[in-house]
Amino acid sequence: MEKRHSVCRRTLGASLTQSTRARSAERNVPEPDSTHGAPPTLKRSESDCIESPGGEEDLDDIAHQLSDELNIDCKAIPTLPRYPAALSTKNTSCWSEPDAGRFKVRGANYLQQTARRKEKVPSGPYLFKALGADVLLTNENSGPGTEVCTNYTTSMLGGRARSKATFIINFVCPWGVIINYYEIPELYLRYLRTDDSTREEDEASLSTLKPHERATARFFLGSDDDRDATLKLIPHAVEGPLVVRKMVAGTPAIIGRRLPSKYTYVPASNGLADCFEVDLDVNETDKVGKTACNMSRRYMSSVSVDLGFVIEGQKEDELPEQMLCCVRLHKIDPLNSPTLPPLAVKQTN
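Residues numbered from 1 in each chain as written. Predicted model: local features only at pLDDT ≥ 70, side-chain atom pairs only at ≥ 80, totals over all residues. Heavy atoms only, no water.

Trainee: A description of the overall build of the protein should follow, citing residues and the corresponding values.
Mentor: Helix and strand counts for the protein stand at nine helices and 15 strands. In the protein, buried positions account for 52% of the 349 residues. In the protein, the share of contacts with a sequence separation of at least 24, taken over all contacts with a separation of at least 6, comes to 76%. Total accessible area on the protein is roughly 16800 Å²; 49% of this is exposed by carbon and sulfur atoms. (Helix = DSSP H or I, 4+ residues; strand = E, 2+ residues; numbered from the N terminus. Buried < 20%, exposed > 50% of the residue type's maximum accessible area, 1.4 Å probe, protein only. Contact = heavy atoms within 4.5 Å. Areas by Shrake-Rupley, 256 points an atom, 1.4 Å probe, with all protein chains shown as cover.)

Trainee: Can you lay out the packing of aromatic side chains for me, pointing to particular residues and giving the numbers?
Mentor: Here the distance between the centres and the angle between the planes together describe a pair of aromatic rings. The tally for this structure, following the rule as stated, stands at 12 aromatic pairs. Relative to Phe220, the ring of Phe167 lies with its centre 6.3 Å away and its plane at 80°, an arrangement referred to as edge-to-face. Here Phe167 is found in strand 7 (residues 166-172), whereas its partner Phe220 is found in helix 6 (residues 211-221), with 53 residues between them in sequence. Each member of the pair, Phe167 together with Phe220, is buried. Arranged with centres 6.3 Å apart and planes meeting at 75°, the rings of Phe219 and Tyr263 form a pair that is edge-to-face. Taken together, the residues span a long stretch of sequence, with Phe219 in helix 6 and Tyr263 in strand 11 (residues 261-266) at a distance of 44 residues. Joined through ring pairs, the aromatic side chains of Phe128, Phe167, Tyr182, Tyr188, Phe219, Phe220, Tyr263 and Phe276 make up one cluster. The positively charged end of Lys118 is found above the aromatic ring belonging to Tyr110, 4.6 Å away from the centroid. One residue, Arg227, lies across the ring of Tyr263, its end atom 5.5 Å from the ring centre. (Phe/Tyr/Trp six-rings, centres within 6.5 Å; stacked < 30°, edge-to-face > 60°. Lys NZ or Arg CZ within 6 Å of the ring centre and 35° of its normal.)

Trainee: Before we move on, can you summarise the pattern of salt bridges with the specific residues and values?
Mentor: Counted by the stated rule, this structure contains 14 salt bridges. Taking the shortest distance from any N to any O, the salt bridge between Asp306 and Arg102 comes out at 3.2 Å. Residue Asp306 is located in strand 13 (residues 304-311), and its partner Arg102 is located in the loop between strand 3 (94-96) and strand 4 (104-106); the two are separated by 204 residues in the primary sequence. Exposure remark for Asp306: the relative accessible area of 0% places this residue in the buried category. For Asp224, the salt bridge identified is with Arg227, shortest N-O distance 3.2 Å. Of this pair, Asp224 and Arg227 both sit in helix 7 (residues 224-230), separated by three residues, roughly a single helical turn. Judged by its relative accessible area of 13%, Asp224 falls in the buried class. Using a relative accessible area of 10% as the deciding quantity, one classes Arg227 as buried. What you see here is one network of salt bridges that share partners, running through Arg106, Lys232, Glu312 and Glu321. (Salt bridge = Lys/Arg side-chain N within 4 Å of Asp/Glu carboxyl O.)

Trainee: Give a detailed account of the pairing of strand 12 (residues 275-281), specifying residues and quantitative values.
Mentor: Counting buried positions along strand 12 gives seven out of seven residues, so the element sits mostly inside the fold. Relative to strand 12, strand 7 is paired through seven bridges, and the arrangement is parallel. Counted as the bridge partner of Val172 is Asp281 from strand 12. Relative to strand 12, strand 11 runs antiparallel, the two sharing six bridges. Bridge pairing in strand 12 places Tyr265 opposite Phe276. (Pairing = 2+ DSSP bridges.)

Trainee: Go over the side chain of Asn170, please, and point to the residues and values.
Mentor: The residue Asn170 is located in strand 7 in this model. With relative accessibility at 0%, the residue Asn170 sits in the buried group. For Asn170, the side chain forms a polar contact with the main-chain oxygen of Gly145, separated by 2.7 Å. Once you skip the residues sitting within four places of it in the chain, Asn170 turns out to touch Gly145, Thr146, Val148, Val177, Ile178, Ile179, Glu277, Val278, Asp279 and Leu280. (Polar contact = N/O pair within 3.5 Å; in protein donor to acceptor, adjacent residues only side chain to side chain.)

Trainee: Account for the pairing of strand 7, with residues named and values stated.
Mentor: Most of strand 7 is tucked away, with seven of its seven residues classed as buried. By the alternation rule, side chains of strand 7 split into Thr166, Ile168, Asn170 and Val172 and Phe167, Ile169 and Phe171, which are all buried. Bridging between strand 7 and strand 8 (residues 176-183) involves seven bridges; their strand directions are antiparallel. Residue pairing across strands places Ile169 opposite Asn180, the latter belonging to strand 8.

Trainee: Please set out the nonpolar core residue by residue, giving values where relevant.
Mentor: Counting 53 residues, the largest nonpolar core has Phe128, Phe167, Phe171, Phe276 and Leu329 as the members making the most contacts within it. The greatest single-element share of this core, amounting to five residues, is contributed by helix 6. Contact partners of Phe276, with chain neighbours within four places excluded, come to Thr166, Phe167, Ile168, Ile184, Leu192, Phe219, Phe220, Arg227, Tyr263, Thr264 and Tyr265. (Core = buried A, V, L, I, M, F, W, Y, C linked by side-chain atoms within 4.5 Å.)

Trainee: Help me get a handle on the environment of Pro241, residues and values and all.
Mentor: Considering the arrangement of structural elements, one finds Pro241 in the loop between strand 9 (231-239) and helix 8 (242-247). A C-alpha to C-alpha distance of 7.9 Å links Pro241 and Tyr299, two positions 58 residues apart in sequence.

Given below as structure tokens:
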């Protein structure tokens with residue numbers, strides 16, 4: 001399978017090392033009707049609607065065909081259910097897509113306003129629809145925590161990854177990975193697939209796009225440095241202990257300037273759709289970032305957090321901004337999360 005990838009600023013490790021996992025001292029506050037006992041097993045929510053037109057049988061055929069060609073064994077990894085989740089989970093350890101209007105973004109006149117009077121406006125709808133999320137632990141036996149779009153093509157998102165053109169954001173943490181999946185609309189595929197023979201025509205077509213569409217198309221057309229300079233994370237803890245809500249209060253950050261980043265594009269092939277993955281290596285963050293990461297791990301089961309992304313509008317023709325995508329993670333219990341498996345190579349006779 002042909003793929004294009006590049007590493008920015010630092011090379012990410014091929015695998016993650018195991019870190020000591022201790023049970024958090026602070027647990028979820030039970031619902032009034034909750035019962036105490038073993039944590040429930042997560043199962044896929046019926047509200048997830050990411051089926052391909054061919055149905056599950058076609059996807060299974062694709063998975064077997066791809067694993068045969070790559071000479072690896074890949075089984076579906078349990079994925080987080082969508083909120084509202086199955087009753088057994090009490091709407092914890094699941095994901096949802098919050099209203100985009102809760103995020104404030106740069107308005108049409110943002111660059112013309114003085115520093116003291118720069119105002120932001122509520123965002124319009126997300127450009128990329130959320131498809132799901134995974135939170136997976138890692139240990140010394142786990143396979144690579146990066147390039148999951150190629151290493152675990154038929155396993156991620158409950159075996160449904162790349163049933164549609166997929167945009168992946170992957171946070172590589174000391175203890176595991178947090179992966180968000182989004183659908184890439186048809187409008188942007190030409191810019192994702194651009195090459196030397198089409199680049200001039202693709203760049204000329206930018207004039208026909210809306211400002212937020214133009215910024216996103218330039219993100220795909222640009223270099224890694226361009227992407228690092230424009231991909232902006234807006235994290236917001238909407239529920240949880242005060243110390244976490246104060247630390248994660250919706251302050252935007254150009255994520256490529258804070259974390260080593262890796263961008264991988266895999267063209268459509270073997271019945272699987274295009275995929276663009278962004279790996280963000282939290283292991284290489286600064287002291288403040290590591291403190292935040294460790295704190296998030298400690299309080300994860302009692303925190304609901306929005307992980308929103310927007311392509312920063314840095315030119316007049318890229319404003320107003322509009323949120324690219326977002327997933328809300330609801331009180332994820334890491335003790336009940338699956339472990340990223342090894343890549344099992346098939347035995348050949």
